[in-house]
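Listed below, chain by chain, are the residues.
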Amino acid sequence: MFVIYVLIYILLIAVFLFNLYLVIKFFEYLYCAKIKHQAPLVASSGVSRRMVVEQIAKYYNKSKNICEIGSGFGGLARAIAKQTNANVYALENMPFSAFVSKICDCLSGGQNNHTVWCDAFEYLDKTNKKFDVAIAYLEPKTTRMILKYKNKIDVLISLDFEIKGLKATRIIDVSKDGYTIYKKIKYPHQLFVYEF
Ligand SMILES: C[S@@+](CC[C@H](N)C(=O)[O-])C[C@H]1O[C@@H](n2cnc3c(N)ncnc32)[C@H](O)[C@@H]1O
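Residues numbered from 1 in each chain as written. Predicted model: local features only at pLDDT ≥ 70, side-chain atom pairs only at ≥ 80, totals over all residues. Heavy atoms only, no water.

A. Local environment of the confidence of the model for the protein. The predicted model of the protein has a mean per-residue pLDDT of 93, with 100% of residues at 70 or higher. For the protein, the element scoring lowest by mean pLDDT is helix α1 (residues 2-36), at 90; strand β4 (residues 131-136) scores highest, at 98. (pLDDT = per-residue confidence, 0-100. Helix = DSSP H or I, 4+ residues; strand = E, 2+ residues; numbered from the N terminus.)

In structure tokens:
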């Protein structure tokens, strides 16, 4: 009987923690979308992630520093870190997302992935690092802001959002995998690779 009580107790704690996770995630999403007017946490698709990893392996495998601008829970940054020796910096400004990302970093045991809780643009303003590749899955206006950092970033891989007026070096079509809806507009899954 005692064992059953303990199991029920553990189950209740697990349900409570899971609900807490959903509630915090929901409020962080609302805060991003309605107050900060920035891209909220929507994880990139598995296929897009694989394509990003492939692009890096094929064209940028000598990279030393890679950053992800707006990394959410850091899944994409960790997938890249696993396949390369580069230091991968996951830049995320939402505290809960950055916290979850840091925990997942520790659990993954990787030595080359680093979650940084910061506004990615303030970080890029201050850092002396140069990034061989930056990855972004944001929204059109914020993606364009990355152009300001061309002196610190050699290549930008933007998921789904192109920079209007700038010719991409490569466009990889992942649209069979679906699309992102942002402000009621559908953006097919594509990678836009810009070599600066
Ligand atoms: C669409 S999600 C992408 C998540 C992740 N990159 C992925 O591919 O699964 C965008 C993320 O960027 C973050 N973000 C938006 N603007 C940011 C900024 N200026 N600095 C840091 N993070 C930002 C949001 O909080 C959100 O987690």
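B. Summary view of the site of the ligand. Around the ligand, the structure places 24 residues, and the nearest of them are Ser 44, Glu 68, Gly 70, Glu 92 and Ala 120. Within the side chain of Gln 38, a nitrogen or oxygen atom sits 3.1 Å from an oxygen atom of the ligand. One nitrogen or oxygen atom from the side chain of Asp 119 is found 3.3 Å from a nitrogen atom belonging to the ligand. When the ligand is considered free in solution it has 600 Å² of accessible area, and contact with the protein chains removes 97% of it. Listing elements by their share of the shell around the ligand, those giving two or more residues are β2 (87-92) and α5 (120-126). Along the lines of polarity and charge, the residues of the shell around the ligand split into 14 nonpolar, six polar and four charged. (Near = heavy atom within 4 Å. Polar contact = N/O pair within 3.5 Å; in protein donor to acceptor, adjacent residues only side chain to side chain. Areas by Shrake-Rupley, 256 points an atom, 1.4 Å probe, with all protein chains shown as cover. Nonpolar A, V, L, I, M, F, W, Y, C, P; charged D, E, K, R; others polar.)

C. Examining the sheet that holds strand β9 (residues 190-195) more closely. Spatial ordering of the open sheet is given by β3-β2-β1-β4-β5-β9-β6, a layout of seven strands whose pairing is mixed. Either end of the sheet is taken by a strand with one partner, and the two such strands are β3 (113-117) and β6 (170-173). Strand-to-strand twist across the sheet, computed as the mean angle between neighbouring axes with direction ignored, equals 20°. Here strand β1 (residues 65-69) runs beside β4; their pairing, made up of four bridges, is parallel. Bridging across to β4, Glu 68 finds its partner in Ile 135. (Pairing = 2+ DSSP bridges. Axes fitted to C-alpha atoms, helices over the stretch in contact; angles between N-to-C directions.)

D. View of the domain arrangement of the protein. With domains assigned, the protein is organised as domain 1 (1-37) and domain 2 (46-195). Inter-centroid distance (C-alpha atoms) of domain 1 to domain 2 is 28 Å. Taken residue by residue, the interface counts seven residues in domain 1 and six residues in domain 2. In total, domain 1 and domain 2 occlude about 610 Å² of area from one another, counting both sides; carbon and sulfur atoms represent 70% of this. Applying the counting rule to domain 1 against domain 2 returns zero salt bridges. Here domain 1 and domain 2 share two residue pairs in polar contact (both at pLDDT 80 or more) between them. A class-by-class count of the residues in the side of domain 1 that touches domain 2 yields four nonpolar, no polar and three charged. (Domains from an automatic or database assignment. Contact = heavy atoms within 4.5 Å. Buried area = accessible area lost by both parts, 1.4 Å probe. Salt bridge = Lys/Arg side-chain N within 4 Å of Asp/Glu carboxyl O.)

E. Structural context of helix α4 (residues 95-108). Compared with the 20 Å implied by 1.5 Å per residue over 14 residues, the 20 Å span of α4 between its first and last C-alpha is a close match. Within α4, the full set of buried residues consists of Phe 96, Ser 97, Ala 98, Val 100, Ser 101 and Asp 105. Against the buried residues of α4 lie α1, α3 (75-83), β2 and β3. Residue Gly 109 follows α4 closely and has a positive phi angle near 75°. (Expected span 1.5 Å × (residues − 1). Buried < 20%, exposed > 50% of the residue type's maximum accessible area, 1.4 Å probe, protein only.)

F. The packing of aromatic side chains, seen in detail. Enumeration according to the criterion identifies eleven aromatic pairs in this entry. Seen from their ring centres, Phe 161 and Tyr 187 are 4.6 Å apart, and the 65° between their planes marks the pair as edge-to-face. Of this pair, Phe 161 sits in the loop between β5 (153-159) and β6 while Tyr 187 sits in strand β8 (residues 185-188), and the two are 26 residues apart along the sequence. Of the two residues, Phe 161 and Tyr 187, neither departs from the other in class, the shared state being buried. (Phe/Tyr/Trp six-rings, centres within 6.5 Å; stacked < 30°, edge-to-face > 60°.)

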